[in-house]
Amino acid sequence: MLFHRLAKMAFLALTATVATRSYATAFSAATLRSVGSSSSVVSTSRRSLTSAAAVAFLDNRNRVASASTTAGRFLSKSAAAASTCTSSITALRQSTVVESELEKKLGVSHPAFDIISSDIVQEFGAYCTLYRHKQSGAELLSVSTDDDNKCFGITFRTPPTDSTGVPHILEHSVLCGSRKYKTKDPFVQLLQGSLQTFLNAFTYPDRTCYVVASQNTKDFYNLINVYADAVFHPRAVSDPMVHAQEGWHLELEKIEEPLTYKGVVYNEMKGVYSSPDSLLQRDAQQSIFPDNTYGVDSGGSPKEIPNLSFEQFSEFHQKFYHPGNSRIFFAGDDDVARRLEIMDEYLKDFGPSPESKPASTIQWQKKTFDAPKKIRNPYPAGSDQPETHMIMVNWLVNDRPLTPVEEITVTILDHLLMGTSSSILYKTLMESGLGESITGGGLMSELLQGMFSVGLKGVKPEDVDKVEELVISTLQKVAEEGFTEDAIAASMNTIEFDMREFNTGSFPKGLSLMLGSMRDWIYDRSPTDALRFEEPLAELKRTISESGSKVFQDMIKEFLLENSHRSTIEMYPSKSLEEEQLQDEKDRLAKIKESMSEEELQSIIDTTKELKKLQASEDSPEARATIPSLELSDLKREVTEYPIAVSENEANSGVTVVRHELGSTSGIAYANLAVDVSGIAVEDIPLLPLFTKIMMETGAGDYDSVALSRRIGTHTGGVSVSALIAGVNEEGGTEGSVTSGEHFVTKLLLTGKATSDKTDELFSIFDLILRDAKLDAKSKIIELLRQSKSEKESSVQGSGHATANARIRSRYNVVGYINEKMSGVTSLDTVKQLLDQAENDFPALLARLENMRNTILEKSTCRDGMILDLTGDAAVFEKIQPSVENFLSKLPGDSNAGKLQNFYSEPHPWVNQIKAEMAANAPIADEGFVVPTQVSYVGKGGRLYDIGETVSGSSAVVSRFLGTGYMWDNIRVIGGAYGGFCQFNPRDGVFAFLSYRDPNLAGSIDVYDGAADALLASAEDMENDPDALTTAIIGAIADMDGALSPDQKGSTQFKRWLTRESPEQRQKYRDEVLNTKPADFKAFAERLKALKNPSSAVVSSKAAFEDAAKAGKEFTLKNVM
């Protein structure tokens, strides 16, 4: 995901860092929160959430998304005539009753706090009061809204002076027990047994944030108390074992063995430093900021992390974690007085600290370069990897504060240059043929100073200089010629729509407001001014109306072309770098060991034993009792159902229309057009991802790619195309049982949104790209394939856990095989083959694509396979009905023609051929995929339930318990991996263990093999520990009850209907979750012990596989890169 999409809201700023202790839904998107999947995921890479959230969770803590930079500085009521959406979107306008109630929350007083200011941010319906705690000096922003998903955060300014990763390690460590909450890891207890909708912490280059959210008020207060005590009174600052576990330590079990480095952050950052993209971004940032804190790595360099002493670690907390250096944030519908009472309980322990804020002030990097700089560094490359380079050109945008108008202007400028594949700079680079995919992404303005970066990956050595020349010449051309009116209108509307819609997906809106306000507040500016956008954009629109594109042209000249504070980073491939890094680490450790006496070595052995004993020990009942918890009586027993009305053959069109009428969608219509693709040949299934990209990227009908992109941007809130492969319940089958995998639906899904007065345009665009996408755009298709190849290679290397999981599931289930074929490691080979065909025999590829479209739009049957799914409110539905009827009448196909097969009673036509392929291409085997990396991604799975067996909802409880308990303790805490988790899908009966950025390979598989016995022991313990069982149940319910945006509610109910999942089965499943017993844990453990046809899939380095073979773990290896 590109960083430049500022309008995707403040939550994208989470890309500032890889998650530290996230419980992310890596394999269960919020839109599928029903009976469909039970997932236990701990400490993943935070790249998992939903497409609605425009996921940007990249493995890179040196580049910060600027999504919240202008979290509200975009649009203007007074400029409604210049916007296509202002008049329709009313999301931020509450009723008079609501406004009256919220106004009462302004200026609520408390004797421990002074009121600095009270403010109403009309753009977001936010009633804000800024307080200062009299005794400690802490600032607290109380934001009252009508949102029941309450959010709390506390942020400290934490500028590092070196790359030992101290702010990152501290962020991990403070949640490992505190003054009041005595367990080893209260964070895990909260994961296991709260109704949190967000629970995380993350490190920026200059600050550290701790955030919680919940829809349950009691739970919300519990979360706040644990987090507040953790940051102010952590056990970590007095217990070196926490620093050793979370940061780094020397490990030695026998005196004759070699020393090793272990530690969660240490291994996490080895994973980051294995990623060429991360190395490029790090070098870019450090080159631009040589003189301030951004010139070091707040996440930590693996070479530097072992230089951090426990004393330095503790001193950092003492220096920066005083309340006087904090910014405390609340948002939601909870009681303001209670907010102040809770925080005073913690803040009153502290006196003033006049030096705290001055000591953490971020210094400005001045534009000091007399001439641009060029830097060359190697990146790790595989033995079979092409000798291509990565180039990125970077500027320091500003060395002074920007005005609100300037911030909005540079935001729009960034979108004009890089916002879509048709934006001028992005398009010129991609069409040049100089590289395979874009790197950088434009403006990064989440920090004190902005940075603009852009370049290419997959560049031939002889073309390296041409990339920089093309970037500069393109900017010069734009500065001279300017942007067209339609380009400006499209960018303005795109950003305006996103901001007014304020759709944060599954993320709390309060989190978006917090990160938006923090963009200024953390630098001692107004937190509420950071959220406003009406007046600044009105001024920008006036300027554009008077002088057109000139304001953008002037900005290009000032911030880029006439700015010599620029660097060009070239990364060149080194096929020996990985081996050199491993050898360097071995040599350093050998030298350390040689310098030690026997007594010193024995001390390390003793400390290793002590740490492992501590990690393996159970918390005492007394310690566990300190963690606040909910009761089962606090849980909602009924499944939340969302409205649905199904109209078959609507208006005699032959098309089924599904509607979800919600209370309010703020004047927006959300639409999905599902088109059946079951008729295409099995051989062409791998082309579906390319086909969907072509529909969006090559232009359609009379529109070239630029014109189509601008039409979408000008008139809608966005359009996308994807492939949907979904298993369904068989007619006559038993709901809740494992399906045969032979019954599924296959759809092309066109998704879009628009204000109700623009749905004609939205539907027209749907029709246009469905019928007339330019399939013959050879150069563009080659460009798309090159980009896809680059992205897939990066994904295997950086998200190997997802690769392993997909590969495992492809062996047991037809749908799993199809998904892996389209998006797993197999698809990388497919893309390479398609690229070769496109370059050398394009007519053959074109014939395949045209045949696919002709098959999909087969006149006699296509309408029977079409479903129009709509989400809106009553007023929206009334207004768009004529557009719906007009759209249905014009769709391809005959309204009274033939019928497709019944996919709910007959096996899908692909099944037999897919099964034959599976036997040949996806045997039950242990596979290893070799890439250049310093860490491993270890997966193992198998069939837990046979086809036809009924799966109880208790499986969700047990699976989650394993992930947040046994896997956390053994893979992460003891093993040192960044993440360990497990996933069970009750639809296919397949269970899988997975690890993320794991220093171990064979050892992790041994941990997986020991899970069943550990679970049996836990089942016995639960007979005498009802609280542990309650905690597990609460955690499972939390996974099922996340907050959803309006479009997600509609999507959830649509997919429930599409898969023929009944409300009765959903309620039965929930009841089984709530009624889980220790016997269910035992039954699950027995099944796990007898896991059928187990197999492994691992992404790792050649050296790690060699070590695993010595430990008796053999794999069939394939070089991926």
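Residues numbered from 1 in each chain as written. Predicted model: local features only at pLDDT ≥ 70, side-chain atom pairs only at ≥ 80, totals over all residues. Heavy atoms only, no water.

Q: I tried to follow the overall build of the protein chain on my own but got confused; where do I start?
A: A count of helical and extended segments in the protein chain gives 38 helices and 27 strands. Computed over C-alpha atoms, the radius of gyration of the protein chain comes to 28 Å, within 12% of the 32 Å expected from 2.2 N^0.38 for 1121 residues, which places it in the range of a compact globule. Counting over 1121 residues, the protein chain shows a buried share of 65%. Residue pairs at least 24 apart in sequence account for 83% of intrachain contacts in the protein chain once pairs closer than 6 positions are excluded. Roughly 37700 Å² of accessible area belongs to the protein chain as shown, and the carbon and sulfur atoms make up 48% of that amount. Each charge class in the protein chain can be summarised by its mean position, and for the 116 positive and 155 negative side chains these summaries are 1 Å apart. (Helix = DSSP H or I, 4+ residues; strand = E, 2+ residues; numbered from the N terminus. Rg over C-alpha atoms; globule rule 2.2 N^0.38 Å. Buried < 20%, exposed > 50% of the residue type's maximum accessible area, 1.4 Å probe, protein only. Contact = heavy atoms within 4.5 Å. Areas by Shrake-Rupley, 256 points an atom, 1.4 Å probe, with all protein chains shown as cover. Lys, Arg positive; Asp, Glu negative; His and termini not counted. Charge placed at Lys NZ, Arg CZ, Asp CG, Glu CD.)

Q: Mind showing me how you'd approach the sheet that holds strand β20 (residues 744–755) here?
A: Whether parallel or antiparallel, the strands of a sheet pair through hydrogen bonds between backbone atoms. Strand order in the open sheet formed by 6 strands is β16-β17-β21-β18-β20-β19, and the pairing between neighbours is mixed. Each edge of the open sheet is held by one strand with a lone partner, namely β16 (645–647) and β19 (719–727). On average, adjacent strands in this sheet sit at an angle of 20 degrees to one another, irrespective of strand direction. Across 3 bridges, the pairing between β16 and strand β17 (residues 656–662) is antiparallel. The residue of β17 that forms the bridge with V646 is V658. Strands in contact with helix α29 (residues 874–890) are β17, β18 (668–676) and β21 (867–873); relative to β21, the strand with the most contacts, it is inclined by about 155 degrees. (Pairing = 2+ DSSP bridges. Axes fitted to C-alpha atoms, helices over the stretch in contact; angles between N-to-C directions.)

Q: Please clarify how the packing of aromatic side chains should be interpreted in this entry.
A: Aromatic rings in a pair are described by how distant their centres are and how their planes are angled relative to each other. Counted according to the given criterion, the structure contains 34 aromatic pairs. Measuring from centroid to centroid gives 5.8 Å for Y978 and Y996, while their planes differ by 45 degrees, and the two rings are tilted. Within this pair, whereas Y978 is found in the loop between α31 (954–974) and β24 (979–985), its partner Y996 is found in strand β25 (residues 990–996), the two being separated by 18 residues in sequence. This pair shows no difference in class: Y978 is buried, exactly as Y996 is. The rings of F156, Y210, Y227, F232, Y321 and F350 are connected pair by pair, giving a single aromatic cluster. The ring centre of F369 lies 4.2 Å from the NZ or CZ of K373, which sits over that ring. (Phe/Tyr/Trp six-rings, centres within 6.5 Å; stacked < 30°, edge-to-face > 60°. Lys NZ or Arg CZ within 6 Å of the ring centre and 35° of its normal.)

Q: Can you walk me through the packing of helix α21 (residues 688–697) against helix α24 (residues 778–798) in this structure?
A: Two packed helices can be described by the angle between their axes and the distance between those axes. In the contact formed by α21 and α24, the axes pass within 11 Å of each other and the chain directions differ by 125 degrees. The angle between α21 and α24 falls in the class oblique. Remark: the crossing between α21 and α24 carries right-handed chirality. Two secondary-structure elements touch here, α21 through L690, K693, I694 and E697 and α24 through K780, I781, L784, L785, S788 and E791. When the residues that make up the contact of α21 with α24 are grouped by side-chain class, the tally is 5 nonpolar, 1 polar and 4 charged. (Parallel < 35°, antiparallel > 145°, perpendicular 65-115°, else oblique. Left-handed = near helix turned anticlockwise from the far one by under 90°. Nonpolar A, V, L, I, M, F, W, Y, C, P; charged D, E, K, R; others polar.)

Q: Teacher, can you tell me more about unusual backbone geometry here?
A: With the exception of glycine, most residues fall at negative phi, and the peptide bonds are largely trans. Although it is not a glycine, D524 sits at a positive phi angle of roughly 65 degrees. Among the secondary structure elements, D524 is positioned in the loop between α15 (509–521) and α16 (534–547). Taking the relative accessible area as the measure of exposure, D524 reaches 46% and is therefore partly exposed. Of note in this structure, N1093 is not a glycine but carries a positive phi near 50 degrees. For N1093, the location among the structural elements is in strand β26 (residues 1092–1100). Taking relative accessible area as the criterion, N1093 reaches 49% and is therefore assigned partly exposed.

Q: Got a minute to help me understand the state of the cysteines in this structure?
A: Here, the word disulfide means a covalent bond between the sulfur atoms of two cysteines. Enumeration over the complete set of coordinates arrives at 0 disulfides. Of the cysteine sulfurs around C176, a residue in no disulfide, the closest is that of C209, at 19 Å. By relative accessible area, which is 1% here, C176 ends up buried. (Disulfide = S-S within 2.5 Å.)

Q: Got a minute to help me understand the sheet that holds strand β5 (residues 150–157) in this structure?
A: As summarised here, the arrangement of the 7 strands in space is β2-β3-β4-β10-β5-β7-β6, forming an open sheet in which the pairing is mixed. Edge positions in the sheet fall to β2 (113–121) and β6 (196–203), since each of these pairs with one other strand and no more. Across the sheet, the mean angle from the axis of one strand to that of its neighbour is 10 degrees, orientation sign disregarded. Bridge count between β6 and strand β7 (residues 207–214): 7 bridges; the pairing is antiparallel. Bridge pairing in β7 links N200 to V211.

Q: I keep staring at the environment of Q312 and nothing clicks. Help me out?
A: Tracing the chain through its elements places Q312 in helix α8 (residues 310–320). The exposure class assigned to Q312 is partly exposed, which follows from its relative accessible area of 39%. The sequence separation of Q312 and V166 amounts to 146 residues, and the corresponding C-alpha distance is 8.2 Å. Apart from the residues lying within four places of it in its own chain, the contact partners of Q312 are V166 and N307.

Q: So what exactly am I meant to see when it comes to the pairing of β25 here?
A: As a general feature of sheets, a regular strand has side chains that alternate between the two faces. With respect to burial, β25 is a largely interior element, 7 of its 7 residues being buried. Side chains of β25 alternate between two faces, with V990, A992, L994 and Y996 and F991, F993 and S995 buried alike. Note: strand β23 (residues 937–943) against β25, 5 bridges, orientation antiparallel. The partner of K940 across the bridge, within β25, is F993. Looking at chain direction, β24 and β25 are connected through 7 bridges and run antiparallel. The residue of β25 that forms the bridge with G979 is Y996.

Q: Help me understand helix α30 (residues 911–921), please; the structure alone is not making it clear to me.
A: Note: α-helices contain 3.6 residues per turn, so residues at a spacing of three or four share the same orientation. Every buried residue belonging to α30 is among V911, I914, E917 and M918, and all of these are buried. Buried residues in α30, looked at end-on, bunch into an arc of 120 degrees, giving them a common side. Exposed residues pointing more than 90 degrees away from the buried face of α30 are listed as N912, A916, A919 and A920. Next to the buried residues of α30 lie β20 and α26 (814–823). (Arc of directions from axis to C-beta.)

Q: Is there a simple way to think about the pattern of salt bridges in this case?
A: Side chains that differ in sign of charge can pair as their charged atoms come close. Counted according to the given criterion, the structure contains 75 salt bridges. In this structure, D524 engages K357 in a salt bridge whose closest nitrogen and oxygen atoms are separated by 4.0 Å. With a gap of 167 residues between them, D524 in the loop between α15 and α16 and K357 in helix α10 (residues 356–360) connect regions that are remote in the sequence. Linked by salt bridges that have partners in common, R132, E139, R157, R327, K357 and D524 make up one network. (Salt bridge = Lys/Arg side-chain N within 4 Å of Asp/Glu carboxyl O.)

Q: Even after reading the chapter, I still don't get the packing of helix α11 (residues 404–418) against α16, so can you show me in this structure?
A: Viewed as axis vectors pointing N to C, α11 and α16 meet at an angle of 65 degrees, and their least axial separation amounts to 9 Å. When the axes of α11 and α16 are compared, the pair comes out roughly perpendicular. Crossing of α11 against α16: the hand is right-handed. Touching P404, V405, I408, T409 and I412 of α11 are P536, L537, E539 and L540, all from α16. In terms of residue class, the contact of α11 with α16 is built from 7 nonpolar, 1 polar and 1 charged.

Q: Got a minute to help me understand the side chain of S178 in this structure?
A: Mapped onto the elements, S178 comes out in the loop between α2 (166–173) and α3 (186–193). Judged by its relative accessible area of 9%, S178 is buried. Look past the residues within four positions of S178 in its chain and what remains in contact with it is D229, A230, H233, P234 and R235.

Q: Looking at this model, I keep getting lost on the pairing of strand β12 (residues 389–396). Mind explaining?
A: Judged by how many residues are buried, β12 sits mostly within the fold: 8 of 8 residues are covered. By the alternation rule, side chains of β12 split into H389, I391, V393 and W395 and M390, M392, N394 and L396, which are all buried. Relative to strand β14 (residues 451–459), β12 runs antiparallel, the two sharing 7 bridges. Looking across to β14, one finds that N394 is bridged to S453.

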